[in-house]
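# Structure at a glance
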Amino acid sequence: MHSRRTPRRAVLLSAVVLTAVTACSAGEGTAPAGGAAPVTGGKLVYATDQEPDCWDPHTSAQDVTAFVQRPVFDSLVYQTPEGELKPWLATSWKTAPDGKTYTFVLRDDVTFHDGTRLDAEAVKANFDHVSAKETQSQYAAGLLGPYEGTTVKSPTEVEVRFSRPYAPFLQAVSTTYLGLAAPASLKAGADTLCAGTTAVGSGPFKAGAYTRGQQRGYTRNPGYAWAPEGAGHTGAARLDSFTIRFIGEAATRVGALTSGQVDAAGAVPAQQVALVERDAKLSLVTKDVPGAVDAFYLNTKGPLFSDVRVRRAFQRAVDLDALVESVFQGTGTRAWSTLSPATPQSYDRTLEKSWPHDPKEAARLLDEAGWTGRDGEGFRTKDGKTLTVVAPVYGKASIFSQAVQGELKKTGVKLDLAASTDAAEVSGRLDSGRYDVVETSWARADGDILSHFFLSTETAEGGGHNFARVADPQVDVWLKEAQAATDPKLRAEAYGKVQRWTLDQAVVVPAYVKRSTVGVNKQVHGLRQSISAWPEFYGAWVEAR
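Residues numbered from 1 in each chain as written. Predicted model: local features only at pLDDT ≥ 70, side-chain atom pairs only at ≥ 80, totals over all residues. Heavy atoms only, no water.

### Description of the overall build of the protein chain
Per the secondary structure count, the protein chain includes 15 helices and 26 strands. Its C-alpha radius of gyration of 23 Å places the protein chain within 12% of the 24 Å reference for a compact globule of 545 residues. With the C-alpha coordinates of the protein chain rotated into their principal frame, the extents come out at 70 × 55 × 40 Å. With 545 residues in all, the protein chain has 59% of them scored as buried. For the protein chain, the share of sequence-separated contacts (at least 6 apart) that also reach a separation of at least 24 residues comes to 72%. Accessible area of the protein chain: about 20,000 Å², with a carbon and sulfur share of 49%. Distance from the positive charge centre (59 side chains) to the negative charge centre (61 side chains) of the protein chain: 1 Å. (Helix = DSSP H or I, 4+ residues; strand = E, 2+ residues; numbered from the N terminus. Rg over C-alpha atoms; globule rule 2.2 N^0.38 Å. Buried < 20%, exposed > 50% of the residue type's maximum accessible area, 1.4 Å probe, protein only. Contact = heavy atoms within 4.5 Å. Areas by Shrake-Rupley, 256 points an atom, 1.4 Å probe, with all protein chains shown as cover. Lys, Arg positive; Asp, Glu negative; His and termini not counted. Charge placed at Lys NZ, Arg CZ, Asp CG, Glu CD.)

Encoded structure:
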C-alpha cells in the first residue's frame, strides 16, 4: 500500500487550487473566420497567474502543476473535453469481474523524450514512484485509491491491482498527476523533480528553458505520433514552441495581453472582463471548472464546529448570492453543492435553492448554542470568549474571503483570516487540526473528488484533504459503493447521498463555482479547452504575422 507521510504541504496551501485557465478555439483543424488554413510553425506566449511550487505532478497537488506539465506528460487514458474516456498510451484495457484489477495493453511505438521506449516496466516504475514514501505525494497517491501494486505481464501488458473495487481509476489515470515520465528521470530525486529543471515525458512538447519566477519554454517533439482519438489533431504539434509566463499581478497580466506582449492570458479578473471584451483584437472565453467548488470545510472535531448548530449557523449566515454577484460582477455562479455542475454524471441538482441565506435562523441557532453575549466590537461571546473562526490562509486572503468575513460580522461571527507566507506554519495548523475552517477548491472531472474530502481515511495529517475531519461510517459506505459501481447512475446516486449529507450536517459550506476566464488574441486558433478547463496546446496554431 502507498504511504503519504511527511507531506510537502507547501504545494497544497492557500486556496490550494489555481483558478484553471481556458482558451478560445476557432474549431480544431478548421479555418478561422478570415479563411486562413491551419499552419505549422510559429510561437505562442501564454500568461498565467501562478507558478508551481513543485513541478512533479506525482508529488504536487496544485492544478497549475497538472496544467503546465500536461504538454510534456502523456497518460494511459485520455478524457475528451466532453468527458469521454479514450485509449491513449494504452490501446485497450479490461477490468476484472470483481473490479479490483485493470489490465492495460500498451502501444509499442511510443518513445520518451530521452529516446527510451514506453513499456510495461515504465508504467510500473511510475506507479511505484507515485506510491513511494519518498515522493511525498499530496494527490496522485490518493488518485490511486486502494492501490496494491503493479505487475508486468509482458512488455506491452501491465496489470494494476487494488484491494477493493475501484471504478474511478480510469478517469484518475487520465490526469497529468498519473502521467508517465521516462523511468530514468524519476531517479533524479524529489528535490530535483520538484525544482522543475528536469521533466522527461512522451508528450507533444519537450520541456525547455525555465527561469524561476518568470517563464517556462516548450519545444515541439517532432516524432510525436500517438495522439489519442478526440485530441482534434494528429502527428506532431503545430507550434514550433510556446512559452508560459508567470504574471501574478492581474493588471499586469491583462496589460500584457492588450498590448500584444502575450497571445493569451488566463485568470482575467471580473473587474477587467469588460476591458478585454471591448478590445476588437481579443476574444474572451469562460468555462465552469468541474470538481469541488470553492467551499468552506468546517472542522467538525474542533471545539467550535463540533456543535452542529454552530455549523448550520455559519452555513446560513452568509448571503452567498449577494457576495458572488458583488465580487464577481455577474461572471460567477453561487454554489449549492460541494460539486460543480460541470462534474460529469455526479452533480445533484435537487440541492439548488435548498439552503438559502437565513440570518434569523443563524442567530437563533447561535443563541441556542449559548453564544448570546456581545463584546465591544459586537461579536458574539460565550463564557467570556469571542466567537472566533480561525481560517489559515497561505499568502494573501482573497477579495471573496474578505467579503465573507464582513458578512459574518453582521451575525456576530469573527472570521480570523490567519494569513501567513510561512508554509511550515500553515501546514502545521492543517496537520494538527488547529483551525476551524479551510477554504479551498479542487478541479477534477469525476465525482470521486468527494472521496478525497470526506472519506475518513483521507486525513490532513496523512497527506489527505478531509479538512472537515469527517469520520462517519455511513459516508464511507456511500463513497466506497460509488467507487465499486460501474453503472454511472448508481455512482451518481451514491455521490448524491454524500452531497446531501454534507449539507444537512453543515460540514461544508459551498460558496461559488470556479470559472476560468481567458483572453485570447484572435490570431490564435485551436487552443482548445480540456475537460478540466485547461488549455490544450497540442493543436494550437497562430496566423502568420
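So much for the structure itself; the text now carries on.
### Things to note about the pattern of salt bridges
Inspection of the entire model under this criterion finds 21 salt bridges. Residue arginine 364 is joined to glutamate 368 by a salt bridge in which the shortest nitrogen-to-oxygen separation is 2.9 Å. Residue arginine 364 and its partner glutamate 368 are both found in helix H10 (residues 359-368); the two are separated by four residues, about one turn of the helix. What makes arginine 364 partly exposed here is its relative accessible area of 42%. A single salt-bridge network, built from bridges that share partners, covers Asp307, Arg309, Glu361, Arg364 and Glu368. (Salt bridge = Lys/Arg side-chain N within 4 Å of Asp/Glu carboxyl O.)

### Things to note about the pairing of strand E13 (residues 291-298)
The buried fraction of E13 is high, at eight of eight residues. Here E13 pairs with strand E20 (residues 437-443) via six bridges, running antiparallel. For glycine 291, the partnering residue across the bridge sits in E20 and is alanine 443. Inspection of the sheet shows E13 paired to strand E21 (residues 508-513) by four bridges, in the antiparallel sense. The residue of E21 that forms the bridge with aspartate 294 is tyrosine 512. (Pairing = 2+ DSSP bridges.)

### Considering the nonpolar core
Grouped together as the largest cluster of nonpolar side chains are 141 residues, with contacts concentrated most on Leu76, Phe104, Phe169, Leu178, Phe400 and Phe454. By residue number, the principal contributor to this core is E13, which donates six residues. Apart from residues no more than four positions distant in its own chain, phenylalanine 454 is found in contact with Tyr297, Thr338, Asn466, Val470, Val475, Asp476, Leu479, Val498, Thr502, Val507 and Val508. Residues Ala256, Ala265, Val268 and Val273 belong to the second largest nonpolar core, which totals twelve residues. (Core = buried A, V, L, I, M, F, W, Y, C linked by side-chain atoms within 4.5 Å.)

### Considering the pairing of E20
The buried fraction of E20 amounts to seven of the seven residues, a majority that puts the element mostly inside the structure. Side chains of E20 alternate between two faces, with Val437, Glu439, Ser441 and Ala443 and Val438, Thr440 and Trp442 buried alike.

### Brief notes about the packing of aromatic side chains
Here the structure, examined in full by the defined rule, presents 32 aromatic pairs. Look at phenylalanine 205 and phenylalanine 242: their rings are 4.8 Å apart centre to centre, the planes differ by 90°, and that puts the pair in the edge-to-face class. Highlighted residues: phenylalanine 205 in strand E8 (residues 205-211) and phenylalanine 242 in strand E10 (residues 241-246), separated in sequence by 37 residues. Note on phenylalanine 205: relative accessible area 0%, which makes it buried. (Phe/Tyr/Trp six-rings, centres within 6.5 Å; stacked < 30°, edge-to-face > 60°.)

### Side note on unusual backbone geometry
You will see that glutamine 136, though not glycine, has its phi angle at about 55°, which is positive. Position of glutamine 136 among the secondary structure elements: in the loop between helix H2 (120-131) and helix H3 (140-143). Phi at aspartate 383 takes a positive value of approximately 55°, unusual for a residue other than glycine. Considering the arrangement of structural elements, one finds aspartate 383 in the loop between strand E16 (380-382) and strand E17 (385-386).

### Comments concerning the sheet that holds E16
Pairing within the open sheet is antiparallel, and its three strands lie in the order E15-E16-E17. Either end of the sheet is taken by a strand with one partner, and the two such strands are strand E15 (373-374) and E17. Direction of pairing for E15 relative to E16: antiparallel, over a ladder of two bridges. Note that in E16 the partner of arginine 374 across the bridge is arginine 380.

### Brief notes about the sheet that holds strand E4 (residues 90-95)
Pairing in this open sheet of four strands is antiparallel, and the strands run E4-E5-E7-E6 from one edge to the other. Of all strands in the sheet, those with a lone pairing partner are E4 and strand E6 (147-154), marking the two edges. Looking at each pair of strands side by side, their axes are set apart by 20° on average, direction ignored. Of the strand pairs in this sheet, strand E5 (residues 101-106) and strand E7 (residues 157-162) are connected by five bridges, and their pairing is antiparallel. Residue pairing in the sheet places phenylalanine 104 in a bridge with valine 158 of E7. (Axes fitted to C-alpha atoms, helices over the stretch in contact; angles between N-to-C directions.)

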